[in-house]
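Each chain, written out:
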Amino acid sequence: MSYSIPRGTYDILPKDSYRWQALKAKFTELAKAFGYEEITTPIFEVSDLFERSSGESSDVVQKEMYRFTDKKGRSFALRPEGTAPVVRAYVEHNMASSGNNKLWYWGPMFRYDRPQAGRYRQFYQYGLEFIGSDNPYWDAELISFLWLFLSGLGLKHLRLELNSVGCPNCSQDYDNALRAYFQPHLESLCPDCQKRYETKPRRLLDCKVTTCKQIAGSAPSQLDYLDEPCRDHFAAAKSYLDKLSIPYTINPKIVRGLDYYTNTAFEIVYEGIGAQNSLAGGGRYNGLIEQIGGKPTPAIGFAGGIERLLIALENEGISLGESPGTDLYLIPMGEQARDFILPWINRWRMEGITIGFDPDKSSFKSQLKAANNSQARFAAIIGEDELAQESVMLKDMQSGEQSLIKLSELVSTLKTKLNH
Ligand code: AMP
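Each chain carries its own residue numbering, running from 1 in the written order of its sequence. Reporting of local features is limited, given that this is a predicted model, to residues whose pLDDT is at least 70; pairs of side-chain atoms are given and counted only at 80 or more, and all residues count toward the totals for whole chains, interfaces and linings. As a convention, hydrogens and water are excluded, and side-chain values are obtained from all of the structure's heavy atoms.

Focus on helix H8 (residues 191-199)
Now for step 1: The classification of residues rests on relative accessible area computed with a 1.4 Å probe and restricted to protein chains. Under 20% of the type maximum is buried, over 50% is exposed, and intermediate values are partly exposed. Helix and strand assignments follow DSSP, with helices taken as H or I runs no shorter than four residues and strands as E runs no shorter than two, numbered in order from the N terminus. Where H8 is concerned, the buried positions are Cys193, Arg196 and Tyr197. Along the axis of H8, the buried residues cluster in a sector spanning 110°; they form a single face. Turned more than 90 degrees away from the buried face of H8, the exposed residues are Pro191, Lys195 and Glu198.
Now for step 2: In this structure, the buried residues of H8 make contact with helix H3 (59-64), helix H7 (168-182) and helix H9 (210-216). Picture the helix axis, draw a direction to every C-beta atom, and the arc is the one those directions span. In what follows, a contact means two residues having at least one pair of non-hydrogen atoms within 4.5 Å.

Following this line, the structure appears as structure tokens:
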């Protein structure tokens, strides 16, 4: 019997793990500099949380959610996105009172999507949520984080697209304008869009079907239907972005797939990775917290896909560094030397030295070969003489230089040589 991985998923093999770790370390560092704290929520939640927040008619809820029923008949879903769980946790733990309102997360999401390059059924997202203020400064600050994170990695072909999707007050007029525009084209629209026409006409702007896209090309712009407070909010967000020197282009077609967005909506597009070119997206969701049982609280957030980011980095030949190799390979000559060195091994590891050692190999030759294979920087040879002097013969595997080092001085010597 042999098994293969489920479609739309992938393994992160050891050779790739370092890139993931390096990326997460960079993200974490920047998040800390912006005053964000990590939050980790479960990978499944009651399905109603997503149905209510994303919207019953959204693609995520309609087609993409992995639902299951537990032994007591309760309906759960593997999380398709990270915002609703963070907001659920924010409300449940009354985080408003503790002031933890700048939150970041990183973890797997699940959507039953058609797999292709850059699109998976289990994929990882990093995200930020700022909860508690409607001040457009926060829109600009959060967007600037995303821009600095991605451009700071060295990516060049990035484009920040910005829109405002207004508030429930201005949506009504816009929905009416969209229905009036699409009405003569109804029969040419795809079956999904014919439904969207009734339920959420702005989703027509987001359809990937070529005919629908063509028709949507000349649809009215949301920006012409913003009420005054939304117009002012958008103008202020743009002006803060200008002050923070974050370049953007306006794209009135950005609607975002989920129902809970209000006002600022944005996406970072990367040119050169094919159809799945959205690296990250987000927006304001001023109504969501109240919708899921909290006090009315404005908020804004974004999520980015890690797989697509790695593809983009590879595309531009940007390396995230090499996995650090073995610092020291131990080569005891014979049983006595091995028993002598054993108590030291973990002590050195606890001091941060990466140590290779293999008791299955006994001859000098096979141990030296193993040291070479593990690309160790140094080897420590322990023969009879070294034993007698409580020392090792430290061999630089690059230069071949050797020197006798006391066991008690090995760590400090190595740290100096390795620049630890
Ligand atoms: P969304 O939550 O749909 O706004 O997506 C935010 C980001 O997550 C996108 O810009 C992508 O980078 C990434 N993403 C969304 N869906 C997938 C998927 N099925 N596979 C890989 N990445 C995805």
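Looking at the nonpolar core
Now for step 1: To form a nonpolar core, buried Ala, Val, Leu, Ile, Met, Phe, Trp, Tyr and Cys residues must be joined to one another through side-chain atoms within 4.5 Å. Leu23 and Tyr126 are the most contacted members of the largest nonpolar core, which has 43 residues in total.
Now for step 2: The element contributing the most residues to this core is helix H6 (residues 136-152), with eight residues.
Now for step 3: In terms of nonpolar packing, the next biggest core, distinct from the first, is built from 27 residues, Val86, Met95, Ala265 and Ile289 among them.

Considerations on the site of the ligand
Now for step 1: Whether a residue is near a molecule or strand depends on its heavy atoms: it is near if one of them lies within 4 Å of it. Around the ligand, a shell composed of 15 residues is seen, among which Arg111, Tyr120, Gln125, Arg256 and Ser278 lie nearest.
Now for step 2: The separation between an oxygen atom of the ligand and a polar side-chain atom of Gln125 is 2.9 Å.
Now for step 3: In the model, an oxygen atom of the ligand is placed 3.1 Å from a nitrogen or oxygen of the Gly305 main chain.
Now for step 4: Relative to its unbound accessible area of 490 Å², the ligand is 88% covered by the protein chains.
Now for step 5: Of all the elements in the fold, those that place two or more residues in the shell around the ligand are strand S6 (122-131), strand S10 (278-284) and strand S11 (299-305).
Now for step 6: Residues are sorted three ways: Asp, Glu, Lys and Arg are charged, Ala, Val, Leu, Ile, Met, Phe, Trp, Tyr, Cys and Pro are nonpolar, and all the rest, Gly among them, are polar. For the shell around the ligand, the per-class residue count stands at five nonpolar, five polar and five charged. As used in this structure description, the phrase polar contact means that two N or O atoms lie within 3.5 Å; if the pair is within protein, one of them must be able to donate a hydrogen and the other to accept it, and residues adjacent in sequence are counted only when both atoms belong to side chains. Throughout, the Shrake-Rupley method with a 1.4 Å probe supplies accessible areas, and for residues the shown protein chains are the sole cover considered.

As for the sheet that holds strand S7 (residues 158-164)
Pairing between the strands of a sheet is mediated by backbone hydrogen bonds and can be parallel or antiparallel.
Now for step 1: Here we have eight strands laid out as an open sheet, ordered S1-S5-S6-S11-S10-S9-S7-S8, and mixed in their pairing. A strand with exactly one partner marks an edge of an open sheet, and here the two such strands are strand S1 (37-38) and strand S8 (249-250).
Now for step 2: When DSSP locates at least two bridges between a pair of strands, those strands are taken to pair. Looking at chain direction, S6 and S11 are connected through seven bridges and run antiparallel. Across the sheet, the residue bridging to Tyr126 is Gly304, located in S11.
Now for step 3: Axis lines are fitted to C-alpha atoms, over the contacting stretch for helices. Their N-to-C directions set the angle, which ranges from 0 to 180 degrees. Lying on the sheet, H6 is in contact with strand S5 (102-110), S6, S7, strand S9 (262-270), S10 and S11; it crosses S9 at an angle near 10°.

Re the sheet that holds strand S15 (residues 391-396)
Now for step 1: Strand order across the open sheet formed by five strands is S13-S12-S14-S15-S16, with mixed pairing between neighbours. Edge strands, defined here as strands with exactly one partner in the open sheet, are strand S13 (355-356) and strand S16 (402-406).
Now for step 2: Sheet topology note: the strand S14 (residues 378-382)/S15 ladder contains four bridges and is antiparallel. Looking at S15, one finds that Ala380 is bridged to Leu394.
Now for step 3: Across the sheet, helix H13 (residues 335-350) touches strand S12 (328-332), S13, S14 and S15, and the angle it forms with S12 is around 165°.

Let's talk about the environment of Gly272
Now for step 1: For Gly272, the position within the fold is in the loop between S9 and S10.
Now for step 2: Owing to a relative accessible area of 54%, Gly272 belongs among the exposed residues under this scheme.
Now for step 3: Distance from Gly272 to Pro220, taken between C-alpha atoms, is 29 Å for residues 52 residues apart in sequence.

Description of the packing of aromatic side chains
Now for step 1: Any two rings among Phe, Tyr and Trp, with Trp reduced to its six-membered ring, count as a pair given centres within 6.5 Å; such a pair is stacked if its planes are under 30 degrees apart, edge-to-face if over 60, and tilted if neither. Applying the stated criterion across every chain yields a total of 25 aromatic pairs.
Now for step 2: Among the aromatic residues, ring-to-ring pairing joins Phe27, Phe34, Tyr36, Trp104, Trp106, Tyr126, Phe145, Phe149 and Phe302 into one connected group.
Now for step 3: Over the ring of Tyr112 we find Arg121; its NZ or CZ atom is 4.1 Å from the centre of that ring. By definition here, charges over rings are those cases where NZ of Lys or CZ of Arg is within 6 Å of the ring centre and within 35 degrees of the ring normal.

Some thoughts on the state of the cysteines
Among covalent bonds in proteins, the disulfide is the one between the sulfur atoms of two cysteines.
Now for step 1: Only a pair of cysteine sulfur atoms within 2.5 Å counts as a disulfide in this structure description. Taken as a whole and judged by the stated rule, the model has zero disulfides.
Now for step 2: Take Cys207: it sits in no disulfide, and the sulfur closest to it among the cysteines is that of Cys193, at 3.6 Å.
Now for step 3: Between Cys212, a cysteine without a disulfide, and Cys190, which holds the nearest cysteine sulfur, the sulfur-to-sulfur distance is 3.7 Å.
Now for step 4: Note on Cys212: relative accessible area 1%, which makes it buried.

Focus on helix H1 (residues 14-33)
Now for step 1: A helix is expected to span 1.5 Å multiplied by its residue count minus one. Between its terminal C-alpha atoms H1 stretches 29 Å, which fits the 28 Å expected from 20 residues at 1.5 Å a residue.
Now for step 2: When H1 is considered as a whole, its buried residues turn out to be Arg19, Trp20, Ala22, Leu23, Phe27 and Ala31. Along H1, the residues classed as buried sweep out an arc of 170° about the axis, all on the same side. Exposed positions of H1 whose direction lies more than 90 degrees from the buried face are Pro14, Gln21, Glu29, Lys32 and Ala33.
Now for step 3: Looking at the buried residues of H1, the elements they touch are S5, S6, H6 and helix H12 (306-315).
Now for step 4: Once H1 finishes, Gly35 follows within two positions and takes phi at roughly 80°, a positive value.

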